[in-house]
Amino acid sequence: MRSPMTQQTSPALPPAPRLDVDYVAATDPARVLADGHVLAVFGFGPDAPAHDDPRYLRVPLAPHGPHRFEVWRARGPVETGRDGGVAWACDGELQFGAIEIDEPILDDDTDIRAAAREAYARLADFLPRGGHPHLLRTWNYFDAITAGEGDNERYRRFCVGRVEGLGGVQADAMPAATAIGSTDGVRRLQVYWLSSRVPGTPVGNPRQVDPWRYPRQYGPQSPSFARAMLPPAGSEMPLLLSGTAAIVGHDSRHADAPLAQLDELLANFDSLLAQARASRPALPAHFGAGSRLKVYVRDAADLPAVAAALDARLGDAVPRIVLHAAVCRRELAVEIDGVHDAG
């Protein structure tokens, strides 16, 4: 008598990572956080409300215009916690994490290098333990980013401390990133990130030198980030765009001319999107309804003009938030980061 055949079953594949980013008009973060699929919520400026949920972070950059929360939604359900100074949330595929560190006193100033070293050492320790070891995107906010001369400039010192904390970096594993200066005078480093169970793919920009290849004139440690990050294959996630300014090659263009810089950085984005589309042809060639942008403007007096120029260029089709914040080079007046996908 023939034995019945045993049916073979393949192990179930984990769900594909999913991330949706939106800007939400609300007064109380608790209403947004009530959604169990919310991975992170960000309030902007000194008037943003406080909340003790690990998924919520107040960013010290004042918005131009009505306040809106930035909201990340994952596939869910989302778990949350705190671990050694790290606030975190995850849905099993993606993880949000945040660290805030007061800069220690150094002589008659504070030490951003030491704060960056500590923050990134904690991050490097936490990522593998948290089960999402692949860093896709980081944001770094700290006061007086261009204060100091030569290699004592605070941004240059931050770059040194970041690599010291990570214990080194690999060019093919650098995340997309933003480093922006707050203007509130509070010497506290804020680092937050998005990491995943599987890696993404860094993207370069043909119009710009890869940051880690910058010449020595920009400091003892070149900036350590990719121009953009394609999400893990098979995911339902947007392209993650690093902070982008009016830099061609490695040179700043149109010093202290914010509207000319805006045109140049948008040309940089056109080039970057074309490069990303070589790997993901379904990505739109230009910003549209599936894009979300954060616009950082150095001088408060330039906020209305930059906002009006973006209205003329992008209209209502591209949701965005405009923030008062300093760019990492003194001559640069505007920078933009965000996400990009089909609408």
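Everything below is about the structure printed above this text.
The shown structure was predicted, so the numbers you read here are calculated from the model rather than taken from an experiment. (Residues numbered from 1 in each chain as written. Predicted model: local features only at pLDDT ≥ 70, side-chain atom pairs only at ≥ 80, totals over all residues. Heavy atoms only, no water.)

Summing up its helical and strand segments, the protein chain has five helices and 21 strands in all. Its C-alpha atoms give the protein chain a radius of gyration of 20 Å, within 12% of the compact-globule value 20 Å for 343 residues. With respect to the principal axes defined by its C-alpha atoms, the protein chain has extents near 85 × 45 × 45 Å. The buried share of the protein chain, taken over its 343 residues, is 53%. Averaged over its 35 positive side-chain charges, the protein chain has a centre that lies 5 Å from the centre of its 43 negative ones. (Helix = DSSP H or I, 4+ residues; strand = E, 2+ residues; numbered from the N terminus. Rg over C-alpha atoms; globule rule 2.2 N^0.38 Å. Buried < 20%, exposed > 50% of the residue type's maximum accessible area, 1.4 Å probe, protein only. Lys, Arg positive; Asp, Glu negative; His and termini not counted. Charge placed at Lys NZ, Arg CZ, Asp CG, Glu CD.)

Bringing the packing of helix H2 (residues 112-130) against helix H3 (residues 154-166) into the picture now. Contact geometry of H2 with H3 gives a least axis separation of 7 Å together with a crossing angle of 30 degrees. Classed by the angle they form, the pair H2 and H3 counts as roughly parallel. Of the two elements, H2 crosses H3, and the hand of that crossing is right-handed. Contacts between H2 and H3 involve Ile112, Arg113, Ala116, Arg117, Tyr120, Ala121, Leu123 and Ala124 from the former and Arg154, Arg157, Phe158, Val160, Gly161, Arg162, Glu164, Gly165 and Leu166 from the latter. Among the residues forming the contact of H2 with H3, the class breakdown is nine nonpolar, two polar and six charged. (Axes fitted to C-alpha atoms, helices over the stretch in contact; angles between N-to-C directions. Parallel < 35°, antiparallel > 145°, perpendicular 65-115°, else oblique. Left-handed = near helix turned anticlockwise from the far one by under 90°. Contact = heavy atoms within 4.5 Å. Nonpolar A, V, L, I, M, F, W, Y, C, P; charged D, E, K, R; others polar.)

Our next topic: the packing of aromatic side chains. Scanning the entire structure with this criterion turns up 17 aromatic pairs. Look at Trp72 and Phe96: their rings are 5.8 Å apart centre to centre, the planes differ by 90 degrees, and that puts the pair in the edge-to-face class. You can see Trp72 sitting in strand E5 (residues 69-74) and its partner Phe96 sitting in strand E8 (residues 94-102), a full 24 residues away along the chain. Here the two residues Trp72 and Phe96 agree in accessibility, since each one is buried. For the pair Trp72 and Trp139, a centre-to-centre distance of 5.4 Å together with 45 degrees between the ring planes defines the contact as tilted. Placement of Trp72 in strand E5 and of Trp139 in strand E11 (residues 134-143) is noted, with a sequence separation of 67 residues between them. Comparing Trp72 with Trp139, the two get one shared label, buried. Here a set of aromatic residues connected by ring pairs shows up, and it is made of Phe42, Trp72, Phe96, Trp139, Tyr141, Tyr192 and Tyr296. (Phe/Tyr/Trp six-rings, centres within 6.5 Å; stacked < 30°, edge-to-face > 60°.)

Before going further, it helps to examine the nonpolar core. Across soluble globular proteins, you tend to see nonpolar side chains buried next to one another. Formed by 32 residues in total, the largest nonpolar core has its most connected members in Leu39, Phe42, Trp72, Phe96, Tyr192 and Leu194. By residue number, the principal contributor to this core is strand E2 (residues 38-44), which donates four residues. Every residue in contact with Tyr192, bar those within four places of it in the chain, is listed here: Phe42, Leu57, Val59, Trp72, Phe96, Gly97, Ala98, Arg137, Thr138, Trp139, Tyr141 and Lys294. With 27 residues, the next largest nonpolar core counts Leu135, Ala177, Val191 and Trp193 among its residues. (Core = buried A, V, L, I, M, F, W, Y, C linked by side-chain atoms within 4.5 Å.)

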